[in-house]
Every structure is written in C-alpha cells, then in structure tokens.
Amino acid sequence: MSIVVTGATGQLGRLVVEALLADPAVPAGSVAAVVRNKEKAADLADRGVELRIADYGRPETLAGAFEAGDRVLLISGSEVGRRVPQHAAVIDAARAAGVAQLAYTGILGGPDADFDLAAEHKATEELILASGLPYTFLRNGWYSENYTANLAPVLAHGAVVANAGEGRVASATRADYAAAAAAVLTGPAGEHLGRAYELSGDEAWSFAEYAAEVGARAGREIAYTNVPAEAHLEILTGAGVPEPFAAILVDVDRAIERGALAIRTGDLARLIGRPTTPIGTTVAEALAAAE
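This structure is a prediction, so every number in the text was calculated from the model and none was measured.

Asks: Can you help me understand the environment of Ile91 in this one?
Replies: Mapped onto the elements, Ile91 comes out in helix α3 (residues 83-97). Owing to a relative accessible area of 2%, Ile91 belongs among the buried residues under this scheme. Expressed as a C-alpha distance, the spacing of Ile91 and Ser131, which sit 40 residues apart in the sequence, is 7.5 Å. Contacts of Ile91, omitting those with residues within four sequence positions, involve Leu74, Leu102, Thr124, Leu127, Ile128, Ser131 and Leu133.

Asks: Can you walk me through the nonpolar core in this structure?
Replies: Burial of nonpolar side chains together is a common tendency in soluble globular proteins. Ranked by internal contacts, the top residues of the largest apolar core, which has 55 residues, are Val5, Val16, Phe66, Leu73, Leu138 and Leu199. The residues touching Leu73, leaving out its near neighbours within four places in the chain, are Val4, Val5, Thr6, Val16, Ala103, Thr105, Leu138, Ala181 and Leu185. Within the second largest apolar cluster, 30 residues are counted, among which are Ile107, Leu117, Val154 and Leu261.

Asks: Before we go on, may I ask you to explain the pattern of salt bridges in this structure?
Replies: Charged atoms that come close allow side chains of opposite charge to pair. The tally for this structure, following the rule as stated, stands at 18 salt bridges. In this structure, the salt-bridge partner of Arg95 is Asp92, at a minimum N-O distance of 3.1 Å. With Arg95 and Asp92 both in helix α3 and three residues apart, this pair spans about one turn of that helix. According to the relative accessible area criterion, Arg95 is partly exposed, its value standing at 43%. With a closest N to O distance of 2.8 Å, Asp267 and Arg270 form a salt bridge. Here Asp267 and its partner Arg270 are both found in helix α11 (residues 267-272), three residues apart, which amounts to about one turn of the helix. By relative accessible area, Asp267 is classed as buried at 15%. Among the charged side chains, a network of salt bridges with common partners joins Glu50, Arg52, Glu67 and Asp70.

Asks: Looking at this structure, how should I read the sheet that holds strand β3 (residues 50-53)?
Replies: Each strand in a sheet pairs with another by means of backbone hydrogen bonds, the pair being arranged parallel or else antiparallel. Across the sheet, seven strands lie side by side as β3-β2-β1-β4-β5-β6-β9; this open sheet has parallel pairing. The open sheet has two free edges, formed respectively by β3 and β9 (195-199), since each of these has just one partner strand. Adjacent strand axes in the sheet meet at a mean angle of 20 degrees when their direction is disregarded. Inspection of the sheet shows strand β5 (residues 101-107) paired to strand β6 (residues 135-140) by six bridges, in the parallel sense. In the sheet register, Leu102 faces β6, and the bridge partner there is Tyr135.

Asks: Even after reading the chapter, I still don't get helix α10 (residues 243-258), so can you show me in this structure?
Replies: One turn of an α-helix holds 3.6 residues; hence residues three or four places apart share an orientation. Taking 1.5 Å of rise per residue, the 16 residues of α10 would be expected to cover 22 Å, and the 23 Å separating its terminal C-alpha atoms lies within 8% of that figure. Those residues of α10 that fall on the buried side of the exposure criterion are Ala246, Ile248, Val250, Asp251, Val252, Asp253, Ala255 and Ile256. For α10, the elements touching its buried residues are α5 (145-148), β7 (159-162), β8 (168-169), α8 (207-218) and α9 (229-238). Two residues or fewer after α10 comes Gly259, characterised by a positive phi angle close to 95 degrees.

Asks: Help me out: how do you make sense of the environment of Asp55 in this one?
Replies: As for its position among the elements, Asp55 is in the loop between β3 and β4 (71-74). Relative accessible area serves as the criterion here: at 18%, Asp55 is assigned to the buried category. Taking the C-alpha atoms as reference points, Asp55 and Gln86, 31 residues apart in sequence, are found 8.7 Å from one another.

Definitions and limits used
- Residues numbered from 1 in each chain as written.
- Predicted model: local features only at pLDDT ≥ 70, side-chain atom pairs only at ≥ 80, totals over all residues.
- Heavy atoms only, no water.
- Helix = DSSP H or I, 4+ residues; strand = E, 2+ residues; numbered from the N terminus.
- Buried < 20%, exposed > 50% of the residue type's maximum accessible area, 1.4 Å probe, protein only.
- Contact = heavy atoms within 4.5 Å.
- Core = buried A, V, L, I, M, F, W, Y, C linked by side-chain atoms within 4.5 Å.
- Salt bridge = Lys/Arg side-chain N within 4 Å of Asp/Glu carboxyl O.
- Pairing = 2+ DSSP bridges.
- Axes fitted to C-alpha atoms, helices over the stretch in contact; angles between N-to-C directions.
- Expected span 1.5 Å × (residues − 1).

Nothing here speaks to function; it is all geometry.
Listed below in structure tokens is the structure:
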C-alpha cells in the first residue's frame, strides 16, 4: 500500500508530499507521486519517493498510476472547464485498481456552493459518490496566497480592489490545507472514510481589514476600494487577466459578499492539530519575500 499524491509537482501537491515526508511514521518509500514531468519531480525521487508518470488529460496513462490498497489524494486539476472529464479519468483508474481511499480537494460548501467555480467540484464529488469508492472530501476554502502572492499592484496603487462589499473570507495557507490532506491520508484505517470536511481558516477577515493589515505591515496607506462587478471585470482585463478567468474572480467576489467563503467549522484546525495561519502572518511573509 502506498500513499499516492496526484499533481505532486503543483503548489499544493508539493506541500502535501513535504508534509508526508516530514512525518517520521511515513517512510519515503511508501509515498508515490503522480506527475506529468519526471524531471520536475527528480528531487522527490532522490529522496526516495516513487514516481508514477501520468496525465489527467491522457486517460491511457493513468492505468499504472494506482495499485490495490493505495490511499490516493486527487488534487483538482488546474484547467478550469476541462476538469470534470480529467477527474473522471482518475476516478475510473482508481476504481479499476481497487484503491482503499480516494480523497479529493474540492471547494468549501460542497453541494451548497453557489458560484461558478464550484460547478466542476460538485460534479466531481457526484462522480466519486457514484463510483462506490471509499472517499474523503476535503472541501478547501480560499488560499491566503490567492491575495498575498500578488501584492505588487496593491502596493503600487495603494488600494485593494474588489467587488466583495463587506463580505468576509476565512482563508488559510496552502501549507495548512496540505497538512490536513496529509493527516487524512495517514490516519487510522477507515477513520476518515465517507466524510466531508469543510476546511477554512479560524478567522474570517474583510477586505477593509486585509487592506489595513497590508498597509500596517508595509508602512504605508492602503485603502479598500469596493467597485461594481462590471467595473472590476474591466479593471482585471485591462491589467491583462484573460476575460474568462477575470469573470471567475468577479463571480467569486460576489460569492464572498454573500458569505460563501466565510464558513468556519473548525475542521481544518482539528485535522492539523493547531490553529490555522493568520492572514497577517501570510502578508508579512509575502512582503519579506518581496524585499
């Protein structure tokens, strides 16, 4: 039996593998990384991780990605609009192999999430349920890095721009979510099967509070500018964001205004055994890295 992480060279996947390797109870040889590019994962192989070469978009390559009894983490694909058939191919391969667990990184709210980005996640959960596989749903909330990874324009213009009104975001770091995935993959047999975890940060912040946090840590005035959705779409596309992705971001802000990403259940902190990382800490780290 192996613990298998798909998309293992992606931002979240690498952190999950690192969390597994940091666990003294998990031998490196029991961890398998499903990757498209062997060269990008060479460092993992050097540390004893088994590499299994496969591509979500090429179902024929997935036949050897899993083995009977594996515990598998399906990290959602990055190609919005193509994820359902890609995920279906992984699910089919996992079922054919007879894996012991299929954990899936979905989105906060699961079937109740009412924004466009959630549609493919909901469809994937339905496919997993229909497959009969032993499952665990990891419904990840928003990543703090979605905001802190691109602070340059915020600092340049002295403003955080959104169409989220007074909505709040219970974000956490990718490392927090990765630690939760590792905990689910390494828990006692059966402990997490058939469960759906709503994962989010301990505290929910508003964009005005976020702007104030960035300003305080950067030593300058940063304002929150709430704009109509149409204006925000124009701002994003004018800055070079492709229109389909910009439309998704605008729709997410509408969902934030409705409270869809402010859900707090405490599931994430309980799984990782510690408080989630505050947004201020992530802001400080991003600013330090940019110096």
